[in-house]
Amino acid sequence: MRILLLVFSFLLALVGLPHGTAHAAPRPAAARDWTTSIVFTPDGRVQVGNPAAKVTLTEWLSYTCSHCADFAAESKVELHALIRSGKVRVDYRTMPRDALDLAAGLLVRCAGPAKFLRLHDAVFAGQKAMLDRAQAFAATPPAQQPAATIGARLVQLADATPLRAIGRAAGVTDAAYTACLNDDAAQKRVIAVAEAAQTANIASTPSFEVNGRRVEAHGWAALKPQLVATR
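Here we summarise the structure given alongside this text. Every value quoted in this text rests on a predicted model; they were computed, and no experiment measured them.

Among the seven residues of strand β3 (residues 55-61), six are classified as buried, and the element is accordingly described as predominantly covered. Here seven bridges tie β3 to strand β4 (residues 88-94), and the two strands are oriented parallel to one another. Note on β4: the bridge partner recorded for L57 is V90. Viewed along the sheet, the connection from β3 through helix α2 (residues 66-85) into β4 turns out right-handed. Summarising the sheet, β3 and strand β5 (residues 207-210) pair through four bridges and their orientation is antiparallel. When the sheet's bridge partners are listed, W60 is paired in β5 with S207.

This part covers the packing of aromatic side chains. In this structure the tally under the stated criterion is five aromatic pairs. Ring centres of F71 and F208 lie 4.7 Å apart, and the angle between their planes is 50°; this geometry places the pair in the tilted category. Here F71 is found in helix α2, whereas its partner F208 is found in strand β5, with 137 residues between them in sequence. A relative accessible area of 2% means that F71 is categorised as buried. An angle of 55° between the planes, with centres 5.5 Å apart, marks the rings of Y92 and F116 as tilted. Taken together, the positions of Y92 in strand β4 and F116 in helix α4 (residues 116-125) put the pair 24 residues apart, joining distant regions of the chain. Side by side, Y92 and F116 carry an identical accessibility label, which is buried. Members of the aromatic cluster, each reached through a chain of ring pairs, are F40, Y92 and F116. Here R32 stacks its cationic end above the ring of W34, 3.9 Å away from the centre of that ring.

Bringing the state of the cysteines into the picture now. By definition, a disulfide is the covalent link that joins the sulfur atoms of two cysteine residues. Under the defined criterion, the tally for this structure stands at one disulfide. Note on cysteine connectivity: C110 is disulfide-linked to C180, with sulfurs 2.1 Å apart. Looking along the S-S bond of the C110-C180 disulfide, the torsion reads about 90°, which is the right-handed sense. Here C110, found in helix α3 (residues 99-110), pairs with C180, found in helix α9 (residues 174-181); they are 70 residues apart in sequence, far enough to count as distant.

Moving on, we get to the side chain of D91. As for its placement among the helices and strands, D91 is situated in strand β4. Assessed through its relative accessible area of 5%, D91 is described here as buried. Once you skip the residues sitting within four places of it in the chain, D91 turns out to touch R45, V46, Q47, L57, T58 and E59.

What counts, and at which threshold
Residues numbered from 1 in each chain as written. Predicted model: local features only at pLDDT ≥ 70, side-chain atom pairs only at ≥ 80, totals over all residues. Heavy atoms only, no water. Buried < 20%, exposed > 50% of the residue type's maximum accessible area, 1.4 Å probe, protein only. Helix = DSSP H or I, 4+ residues; strand = E, 2+ residues; numbered from the N terminus. Pairing = 2+ DSSP bridges. Right-handed = clockwise from strand over helix to strand, strands pointing away. Phe/Tyr/Trp six-rings, centres within 6.5 Å; stacked < 30°, edge-to-face > 60°. Lys NZ or Arg CZ within 6 Å of the ring centre and 35° of its normal. Disulfide = S-S within 2.5 Å. Contact = heavy atoms within 4.5 Å.

Take a look at the structure:
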């Protein structure tokens, strides 16, 4: 019997099974990053964050709106942290006010959900240069002539502004962006959001709802307390 016990102990050591040793405590699972949960809805909205979040923030925005760019810059760190934690979900609703706005709204969707936030932030960060160069283009002869299609005008604006460069930096090829600009269905989805905003009496950007309730806030300093209070 003693020999059998010795042989069994030897076999345990060979296969690496625990033999009178303490077990290490399991590591806690890493928290999920909810900024990677992004959905493009059939009606043109973009939803970012935990579907079960206690707070849903709806933002109506325009990529040519300076106040929207200010909000994006002011809120980026804290709002992204709230989304990442799963406490807040954001429903982005683009309201294109002109052809340049539409070109930007198509770009942020062009690489699919995974790159939406990166392109969204990049367009706002480059807004001033985009507007300056669009204004310069507006004074040129090609801008004075009617374009054959909406897509053709959007391509002109993409070529005249930093939009193509912003796309390239995120991995959007020129060919892919040109295809997005000429996609009638994609154009209609973005425009449909603006039409829905008119029906909802959204008169300015940025405008917000918190859990379906319209809030009187147009900047992060005024909006943040309402998000915290709701949580």
